[in-house]
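# Secondary and tertiary structure notes
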Amino acid sequence: MRKLFVVLLLMVCRFVVAQSRLDYFMTEAAKSSMQGQWTKAADLYSHCLEIDSCSPEALFQLGRLQLYLRRDSIGLEYIYKAVELDPKNSYYMEPLAAILLRQGCEEEALPLLERISELETKRSDVLSHLANLYSKADRLEEAIQTYDRLELLEGKLAQLSMQKFSLYMQLGDSVRAFAELQSLCDEYPAEMSYRVEMGYCYQQIGDYDTAMEVYNQVKSIEPTNVDLQMAMLDLY
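## Notes on the packing of aromatic side chains
Taken as a whole and assessed by the stated rule, the structure comprises eight aromatic pairs. Taking 5.2 Å as the distance between ring centres and 55° as the angle between the ring planes, the aromatic pair formed by phenylalanine 60 and tyrosine 91 counts as tilted. One end of the pair, phenylalanine 60, is in helix H3 (residues 56-68); the other, tyrosine 91, is in helix H5 (residues 90-102), and 31 residues separate them in sequence. Ring geometry for phenylalanine 165 and phenylalanine 178: centres 5.2 Å apart, planes at 80°, overall edge-to-face.

## Some details on the side chain of serine 32
Note on placement: serine 32 falls in helix H1 (residues 2-34). The residues contacting serine 32, other than those within four sequence positions of it, are Gln37, Lys40, Ala41 and Leu44.

## Observations concerning helix H4 (residues 72-85)
Compared with an ideal rise of 1.5 Å per residue, which puts 14 residues at 20 Å, H4 spans 20 Å between its outermost C-alpha atoms and is within 8% of the ideal. Where H4 is concerned, the buried positions are Gly75, Leu76, Ile79, Ala82 and Val83. Take H4 and look down its axis: the buried residues cluster within an arc of 120°, on one side only. Facing away from the buried side of H4 by over 90 degrees, the exposed positions are Ser73, Glu77 and Glu84. Of the surrounding elements, those touching the buried residues of H4 are H3, H5 and helix H6 (106-119).

## Focus on the packing of H3 against H5
Helix-helix packing is described using two parameters, namely the angle between the two axes and the distance between the axes. Across the interface, H3 lies against H5 with an axial gap of 11 Å and an inter-helix angle of 25°. By the angle class used here, H3 and H5 are roughly parallel. Crossing hand, H3 versus H5: left-handed. On the side of H3, the interface is formed by Pro56, Glu57, Phe60, Gln61, Arg64 and Leu67, while H5 contributes Tyr91, Tyr92, Pro95 and Ile99.

## Description of unusual backbone geometry
For arginine 70, which is not glycine, the phi dihedral falls at a positive 70°. Considering the arrangement of structural elements, one finds arginine 70 in the loop between H3 and H4.

## Points about a nonpolar patch on the surface
On the surface, a nonpolar cluster with roughly 340 Å² of combined accessible area is contributed by Val226, Met230 and Leu233. For valine 226, the position within the fold is in helix H13 (residues 226-235).

## Looking at the confidence of the model for the protein
Here the protein shows a mean pLDDT of 88. Residues at 70 or above account for 91%. The low-confidence segment residues 4-17 (pLDDT under 50) makes zero contacts with residues lying over four places distant or belonging to another chain.

## Things to note about the pattern of salt bridges
Taken as a whole, this structure holds 14 salt bridges when the rule is applied. Where arginine 123 meets aspartate 125, a salt bridge forms, and the shortest distance between an N and an O atom there is 2.8 Å. With relative accessibility at 18%, the residue arginine 123 sits in the buried group.

Rules behind the numbers
- Residues numbered from 1 in each chain as written.
- Predicted model: local features only at pLDDT ≥ 70, side-chain atom pairs only at ≥ 80, totals over all residues.
- Heavy atoms only, no water.
- Phe/Tyr/Trp six-rings, centres within 6.5 Å; stacked < 30°, edge-to-face > 60°.
- Helix = DSSP H or I, 4+ residues; strand = E, 2+ residues; numbered from the N terminus.
- Contact = heavy atoms within 4.5 Å.
- Expected span 1.5 Å × (residues − 1).
- Buried < 20%, exposed > 50% of the residue type's maximum accessible area, 1.4 Å probe, protein only.
- Arc of directions from axis to C-beta.
- Axes fitted to C-alpha atoms, helices over the stretch in contact; angles between N-to-C directions.
- Parallel < 35°, antiparallel > 145°, perpendicular 65-115°, else oblique.
- Left-handed = near helix turned anticlockwise from the far one by under 90°.
- Patch = residues over 30% accessible without salt bridge, like charges linked within 9 Å, V, L, I, M, F, W, Y side chains within 5 Å.
- Areas by Shrake-Rupley, 256 points an atom, 1.4 Å probe, with all protein chains shown as cover.
- Salt bridge = Lys/Arg side-chain N within 4 Å of Asp/Glu carboxyl O.
- pLDDT = per-residue confidence, 0-100.

Written out as structure tokens, the structure reads:
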């Protein structure tokens, strides 16, 4: 029993010493990086990995440094490993996703953004990127669901409704498409421009009778509306 206790104590002591050394060299590496001593910083981060080859922070920082030095393939390899070792850390995932997007690797970036959106549910910027990628990948229902999540955060906005309208039309679902525009009009009953826009959308699909009904509704409320006058000129 006593031998086991001694062994455990030695293991704890070694861990504490190793962690202290790691913390020291990580701090020194960060200082060197801030001072622009890139080679020294890279050597120090590499030494950190000799102490602990599974340190996500050391891998991530060395990866970022390699990217700064234009060694993209090596840098991405380090950052990928950091994400793999700490899959719930969006701090590592976000720059990786940004790099992949800049390189045009949207398919690889998409699952990273999905994970970030799950970890940080109130990040509207991430959701916006995600919806855009879903649209480009022709995953239209997922794009619509992501815009729904954005609406929960930001409220009913014309830009989001028009994006959803376009996606519904691409799906061939005109019922849900115009229901989306109607919900926008209901949310802002005093804003006639949204009603005019809905009329214009009916006009674009060749439903001139319904378009005229919508325009007449606007005319009865706001006869001098400039958007309405322009839309009706286009109709005639």
